[in-house]
Amino acid sequence: MGIIIGSFSAQGGQLGTTTSKATHTGTGVYEVTFSQAFSTQPSVVVTPQTDNLGKGGGYVVSVSIENVSSTGFSLFIQNLSSPAQNEDAGFSFIASASN
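How each quantity is defined
- Residues numbered from 1 in each chain as written.
- Predicted model: local features only at pLDDT ≥ 70, side-chain atom pairs only at ≥ 80, totals over all residues.
- Heavy atoms only, no water.
- Helix = DSSP H or I, 4+ residues; strand = E, 2+ residues; numbered from the N terminus.
- Contact = heavy atoms within 4.5 Å.
- Pairing = 2+ DSSP bridges.
- Axes fitted to C-alpha atoms, helices over the stretch in contact; angles between N-to-C directions.
- Buried < 20%, exposed > 50% of the residue type's maximum accessible area, 1.4 Å probe, protein only.

It is worth spelling out the environment of threonine 47 at this point. Along the chain, the position of threonine 47 falls in strand S4 (residues 43–49). Between the C-alpha atoms of threonine 47 and serine 7, which are 40 residues apart in sequence, the distance is 9.4 Å. Ignoring any residue separated from it by four or fewer positions in sequence, one finds threonine 47 in contact with Gly90, Phe91 and Ser92.

This part is about the sheet that holds strand S1 (residues 2–8). The strands that make up a sheet pair up through hydrogen bonds in the backbone, lying either parallel or antiparallel. Taken in spatial order, the three strands line up as S1-S8-S4 in an open sheet, and their pairing is antiparallel. Two strands bound the open sheet, and with one partner strand each, they are S1 and S4. Strand-to-strand, the axes of this sheet are offset by a mean angle of 10°, without reference to chain direction. The sheet contact formed by S4 and strand S8 (residues 90–97) spans seven bridges and is antiparallel. In the strand pairing of S8, threonine 47 is matched with serine 92.

Take the pairing of S8 next. The element S8 is largely enclosed, with a buried count of six among its eight residues. As judged from the seven bridges shared by S1 and S8, these two strands associate in the antiparallel manner. Residue pairing in the sheet places glycine 6 in a bridge with phenylalanine 93 of S8.

And the structure:
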């Protein structure tokens, strides 16, 4: 089983050691690329870092993952508080697949 983990800032910068890259392509939108491809499509779990949103709590964040492939995925983070809008936020992920 192969596992890749990563943590990134709201601007897409690496936080700690990771074997992946995140590109910040728009407000709340990120493209994550694995440095080594999985042999099959992985399962991906993402957790947003909402403490850096600076809003003092009281909001709900939605994370959508799309285009999951053996080489990466697209990530969308949205603050669902009124009015709902895309929001830059740091995030961590784990991707895992059987090899």
